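The residues making up each chain are set out below.
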Amino acid sequence: MAIVTCTNFTWPLAVMFVIGVLHLAITFKTVKKFARIAWDALTGECSVVALTQTTTLPQGQSQSESPPGTVVPTSVNYHFTRQCNYKCGFCFHTAKTSFVLPLETAKKGLRLLTEAGMEKVNFSGGEPFIKDRGRYVGQLVMFCKSELGLPSVSIVSNGSLITEDWFNKYGEWLDILAISCDSFDEETNRRIGRHQTGKDHLRCLRQVRTWCQQYKVAFKINSVVNRYNIDEDMSSEIMELNPIRWKVFQCLLIGGENAGPEALRDAEDMVITDQQFDQFVSRHGQVTCLVPESNEKMRDSYLILDEYMRFLDCREGRKEPSRSLLDVGVQSAIQRSGFDEKMFFKRGGKYTWSKADLKLDW
C-alpha cells in the first residue's frame, strides 16, 4: 500500500512520484482515488513517503473474496430486548434480564456489522415496541436505512403496542413488519400465551395490516405450530390478509429458555412431531406465500444477536453466547455463532427483502 503525508512540493519528490506511478495505480482500487493522490502530490499538498509491497493473494483467491474462515453476516436477527407484554409458552428469548444497550452503542455495533457485510437486520425481542414505546426501535430502523444504507430493515412484533403515530414517524424507513399470530381463534391464542388483558390480538393484527398498506411497509406473518394449533386451518384468513410471506415454524425447545430447570417457560408439552408439522404444512399447501421451517432448518441457520450483541450458538440445544462483538469485533464473535450458512441459503434465508424491489401494489 502507499503511505502519504503532507509536505511542501520538491522536484526530488516529483521524480519519486513518477517512479512510483505504476505501483500506485495497482495499489489504489479506484481511478478516482488514484487521481486525487496524484493531484495532491503534484500541487504540494501531499507527498508519497514510502511504498510497501503489494500483498500476494493465495492462488485462486481474488481481492473481492473474503479470507478463508470469514463469515459474512448477510442477515442478522438482533434481539435487543428480552422484555415482553405477552407470555407465549414456547418463547425462546425470555425475560431473563431487562438490559438494553444505550442507543448510540447499539448504533456502533450495527455499523460494525454493516462494515462486515450485513445486508439485512431484523429487530426482535422480547417485544421490540416495549422499549420507549417504540421510539428506540424506530431510531434504530431510521439509522440503519438512512445512515447505513442497508437494503433491508425489518421488525418482528406481536403488534399489540404499535401505533399509527409510529408509522407516521418511522414507516418510510422500514421494509418489512412481521406480526406473530399462531391462531385465528382468540381462545387458542390465550392458551398459547399470546395475549394481554384488555387487548384483542386479532384486532391488533388486522389494524397493523391496514397501517402497513397505508404507510407502504411490506407485511409478513409469523406462526409457531404447536400442539394447540396443530389441527387448525388458517388458509382463508392468511389469504385474506395477503402477507408477502407467511413463516411457519415448528415449535422448538431451547434449553434455559423454554425447557429445563433454568427456563422461564416450559414448552415441553407444546412440541409436535416432524410428521405433525408436515401435515400442517400440507393442509396449507394452497397458500402461495407459505414458508415452512422445521426444527432442522431453523436451529443453526439464523445469526442471532442478543441484548449484549453476543452471537448465540444453538447447536447443542441451548444458547451459548460468544463475547460481544463490541469488545472483540464481528469476525471474532461470529466464529462462536454456530451459523450454518449452507442451511441459511437452503431454507431461502436470502430473498427479495427490500420493499423497493418488491414492487408491491400499495
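Residues numbered from 1 in each chain as written. Predicted model: local features only at pLDDT ≥ 70, side-chain atom pairs only at ≥ 80, totals over all residues. Heavy atoms only, no water.

A word on unusual backbone geometry. Between G125 and the following residue, G126, the backbone shows a cis peptide bond with an omega angle of 10 degrees. By secondary structure assignment, the location of G126 is in the loop between β4 (120-124) and α4 (135-147). (Helix = DSSP H or I, 4+ residues; strand = E, 2+ residues; numbered from the N terminus.)

Here we take up the pattern of salt bridges. A pair can form between side chains of opposite charge whenever their charged atoms are brought close. Applying the stated criterion across every chain, the model contains 16 salt bridges. Where E104 meets K107, a salt bridge forms, and the shortest distance between an N and an O atom there is 3.4 Å. Of the two residues, E104 and K107 are both situated in helix α3 (residues 103-115); the distance of three residues between them amounts to about one turn of the helix. For E104, a relative accessible area of 55% puts it in the exposed group. Here K107 falls in the buried class, since its relative accessible area comes to 13%. Linking E257 and K319 is a salt bridge whose minimum nitrogen-to-oxygen distance equals 3.8 Å. Within this pair, whereas E257 is found in the loop between β8 (245-250) and α9 (274-283), its partner K319 is found in the loop between β11 (312-313) and β12 (320-321), the two being separated by 62 residues in sequence. E257 sits in the buried class, given a relative accessible area of 4%. With relative accessibility at 11%, the residue K319 sits in the buried group. Through salt bridges that share partners, R82, E257, E307 and K319 make up one connected network. (Salt bridge = Lys/Arg side-chain N within 4 Å of Asp/Glu carboxyl O. Buried < 20%, exposed > 50% of the residue type's maximum accessible area, 1.4 Å probe, protein only.)

So, on to α9. What sets the pattern is the α-helix's 3.6 residues per turn: residues three or four places apart point alike. Among all positions in α9, only F277, F280 and V281 are buried. All buried residues of α9 lie within an arc of 100 degrees about the axis, which places them on one face of the element. Exposed residues lying more than 90 degrees from the buried face of α9 are Q275 and S282. The elements touched by buried residues of α9 are β7 (218-225), β8 and β9 (290-293). (Arc of directions from axis to C-beta. Contact = heavy atoms within 4.5 Å.)

Considering the arrangement of structural elements, one finds R190 in helix α6 (residues 186-192). Given a relative accessible area of 41%, R190 falls into the partly exposed group.

Contact geometry of α3 with α4 gives a least axis separation of 11 Å together with a crossing angle of 35 degrees. Pair α3 / α4 crosses with right-handed handedness. Contact residues: α3 offers L103, A106, K107, L110 and R111, while α4 offers Y136, Q139, L140, F143, C144 and E147. Looking at the contact of α3 with α4 residue by residue, the classes come out as seven nonpolar, one polar and three charged. (Axes fitted to C-alpha atoms, helices over the stretch in contact; angles between N-to-C directions. Left-handed = near helix turned anticlockwise from the far one by under 90°. Nonpolar A, V, L, I, M, F, W, Y, C, P; charged D, E, K, R; others polar.)

Distances and angles like these do not, on their own, reveal function.
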